[in-house]
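A structural walkthrough
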There are 2 protein chains.
Amino acid sequence: MENRASGQHISHLFDEEMENIRNKVLTMGGLVQKQMEQAVKSFITSDQDLAEKILQQDELVNDLEKEIDHECIEVIAKRQPTAIDLRMLISIIKVITDLERIGDEAGRIAKMAIRLDATDYYHDQYHEVSHLVEMVKSMLSDSLDAFARMNTESIASITKRDEKVDREYTSIIRQLITRMMEDPRNITRMLDVLWTARALERIGDHACNLCEHVVYIVQGDDVRHLNAEELEQKIQD
Amino acid sequence: MENRASGQHISHLFDEEMENIRNKVLTMGGLVQKQMEQAVKSFITSDQDLAEKILQQDELVNDLEKEIDHECIEVIAKRQPTAIDLRMLISIIKVITDLERIGDEAGRIAKMAIRLDATDYYHDQYHEVSHLVEMVKSMLSDSLDAFARMNTESIASITKRDEKVDREYTSIIRQLITRMMEDPRNITRMLDVLWTARALERIGDHACNLCEHVVYIVQGDDVRHLNAEELEQKIQD
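Computed from a predicted model, the values in this text were never measured in an experiment.

What follows is about the overall build of chain A. Looking only at helices and strands, one finds seven helices and zero strands in chain A. Along the longest, intermediate and shortest principal axes, the C-alpha atoms of chain A span 80 × 40 × 20 Å. By residue count, 41% of the 237 residues in chain A fall in the buried class. Residue pairs in contact within chain A that sit at least 24 positions apart in sequence constitute 81% of those at least 6 positions apart.

Here is the structure:
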């Protein structure tokens, strides 16, 4: 009886630890999502102060990454979980790497915003990437939501949107090259837009990685390196 | 006596499993190193066949990543390792993500080589990135070596070289912009050189990540997000 009570106590502690880790991941997710949205805003409005704020938040994200990472390893060492709990912990270690990289990409956009402010303000710089911004924002938001609810329902639609993001990105690059050729004075500015588009495209990739982690946690299937169609098949299986 | 023998048997099996996983990581490391070197070669010599070969190897790298990942998780679930063994397994899961991304960057360079071949061959394209190539090659080779020998001695020197890589990269971008402005007909080709420089710079970052994983395995210290000087301090500690 005592053993059983102590078993229940440990299991309760374990549940608490897992819940605590998951909540921290959601906090980190919310943070990098905000970083990304603010980075884009600072780029559009050439808001240098906002851009500086985003760069300062980077440390917070890095600290959270280290903290969650350590806690996952500690729980694995102490509780020796198996099956879905182990999958969850290993996946979280990967999820936070993707989140941290999204924060890095947001930082890159913020740095571009600071540089843009130093040159002349160019009101049209949003135009080229506006569609891409909206697509990537929704992908990131939906993939964080899929993680929060541990639900694979929306995942096929998210990874399909990534293929659209890639097409949009390629089309932006083509437009930027044309504009550079038309007027070489545009080159520096167009390159900043190009790096921003690139950062957004990468954030889309990380959002897809998040989705793959969710599928692995929920189903135990490793769906990396599949295209959107193959992935959809795996989820329906 | 029987228990002890069976304990020794399990421990022997465990050692074998760990050795097997480490060997696969080294194979994967050798593979992406070769991919990177061949990608650069295909870019310099506009060798489309070689570039195609590199892209085909990508699947091999992806398969190895999945295989090693599954084996690590299986060993954690089955053997419930602690301390350095658990650190090793968790770190290997991260190491192979970095290796796979190095393979991706090599693939990006190879794609550029295919595109260059389709346009006019431009014998001078190596000139701009030649120094960067040598620096990143040596960083990757030395960091794989540090992992193979589980030795932190050369790590401070590798991460210091990454700061040089970043400076070299910035200087290349500046030169490329000047050449684009001088003659807008250069723009497309210069952008290919720019993406290649970017891919090399990223490979340098992944080599640094490998180093950080080695420090974590050997010392148990999380040295992510430190600059080269802080890292050196940590290793000396």
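Alright, that's what it looks like, and here's the rest.
Turning next to the relation of the copies chain B and chain A. Aligned on chain A, chain B shows an RMSD of 0.0 Å; the corresponding rotation is 180 degrees and the shift along the axis is 0.0 Å. Read as a symmetry element, the transformation amounts to a two-fold axis. Most of the interface of chain B is mirrored in chain A: 95% of its interface residues are interface residues there too.

This next bit is on the interface of chain B and chain A. Taken together, the contact between chain B and chain A spans 22 residues of the former and 21 residues of the latter. Residue assignment for the side of chain B that touches chain A shows that the elements contributing at least two residues are α2 (48-79), α3 (83-118), α5 (155-182) and α6 (187-219) of chain B. The element best represented in the side of chain B that touches chain A is α2(B), accounting for six residues. In terms of residue class, the side of chain B that touches chain A is made up of twelve nonpolar, seven polar and three charged.

A separate point is the environment of H206(A). Residues and elements named next belong to chain A. On the secondary structure map, H206 appears in helix α6 (residues 187-219). Once the C-alpha coordinates of H206 and T97 are considered, the two residues, 109 residues apart in sequence, prove to be 9.3 Å apart. Not counting residues within four places of it along the chain, the set of residues in contact with H206 comprises D98, R101 and I102.

Turning next to the environment of K164(A). Residue and element names in this part refer to chain A. Note on placement: K164 falls in helix α5 (residues 155-182). Classification of K164 as partly exposed rests on a count of 15 C-beta atoms within 10 Å. Counting along the chain gives 97 residues from K164 to E67, while the straight-line C-alpha distance between them is 35 Å.

Before going further, it helps to spend a moment on helix α2 (residues 48-79) of chain A. All names here are of chain A. For α2, which comprises 32 residues, the first-to-last C-alpha distance of 47 Å matches the rise-based estimate of 46 Å (1.5 Å per residue) to within 8%. Turning to α2, its buried residues are A51, I54, V61, L64, E65, I68, D69, C72, I73, V75 and I76. Looking one or two residues beyond α2, the residue adopting positive phi is Q80, at roughly 45 degrees.

Let's shift gears to unusual backbone geometry. One non-glycine residue with positive phi stands out, namely H225(A), at about 60 degrees. The topology assignment puts H225(A) in the loop between α6 and α7 (228-236). When the 16 C-beta atoms within 10 Å are taken as the criterion, H225(A) is described as partly exposed. The backbone phi angle of S46(B) is positive, close to 50 degrees, even though this residue is not glycine. Tracing the backbone shows S46(B) in the loop between α1 (2-45) and α2. What makes S46(B) buried here is the crowd of 20 C-beta atoms within 10 Å.

A word on the packing of α5(A) against α7(A). Residue and element names in this part refer to chain A. Two elements in contact, α5 and α7, have axes separated by 9 Å at closest approach and are oriented at 175 degrees. Our classification of the angle between α5 and α7 gives roughly antiparallel. Contacts between α5 and α7 pair I155, A156, T159, K160 and E163 from the former with A228, L231, E232 and I235 from the latter. For the contact of α5 with α7, the residue count by class is five nonpolar, one polar and three charged.

Okay, the packing of α5(A) against α6(A) next. Residues and elements named next belong to chain A. Closest axis-to-axis distance for the α5/α6 pair is 10 Å, and the angle between their directions is 170 degrees. Accordingly, the angle class assigned to the pair α5 and α6 is roughly antiparallel. Between α5, through I155, I158, T159, D162, V165, D166, Y169, I172, I173, L176, R179 and M180, and α6, the contact on the second element is made entirely by I187, M190, V193, L194, A197, E201, G204, A207, C208, C211, V214 and V215. Broken down by class, the residue content of the contact of α5 with α6 amounts to 18 nonpolar, two polar and four charged.

All names here are of chain A. Compared with the 48 Å implied by 1.5 Å per residue over 33 residues, the 48 Å span of α6 between its first and last C-alpha is a close match. Of all 33 residues in α6, 24 are buried; the element is thus mostly enclosed. Following α6 by one or two positions, G220 has its phi on the positive side, about 80 degrees.

This part takes up the confidence of the model for chain A. Residue and element names in this part refer to chain A. The share of residues in chain A with pLDDT of 70 or more is 95%, and the mean pLDDT across the chain is 92. Element-level pLDDT for chain A is lowest in α7, with a mean of 88, against a maximum mean of 96 in α2. Among the scores for the predicted complex, ipTM is 0.92 and pTM is 0.94.

All names here are of chain B. Counting through the fold element by element, D98 comes out in helix α3. Given 22 C-beta atoms within a 10 Å radius, D98 is considered buried. Once you skip the residues sitting within four places of it in the chain, D98 turns out to touch H206, N209 and L210.

Conventions adopted
Residues numbered from 1 in each chain as written. Chains lettered and ligands numbered in written order. Predicted model: local features only at pLDDT ≥ 70, side-chain atom pairs only at ≥ 80, totals over all residues. Helix = DSSP H or I, 4+ residues; strand = E, 2+ residues; numbered from the N terminus. Buried ≥ 20, exposed ≤ 12 C-beta atoms within 10 Å, placed from the backbone. Contact = placed C-beta atoms within 7 Å. Least-squares fit on C-alpha atoms with pLDDT ≥ 70 in both. Nonpolar A, V, L, I, M, F, W, Y, C, P; charged D, E, K, R; others polar. Expected span 1.5 Å × (residues − 1). Axes fitted to C-alpha atoms, helices over the stretch in contact; angles between N-to-C directions. Parallel < 35°, antiparallel > 145°, perpendicular 65-115°, else oblique. pLDDT = per-residue confidence, 0-100.

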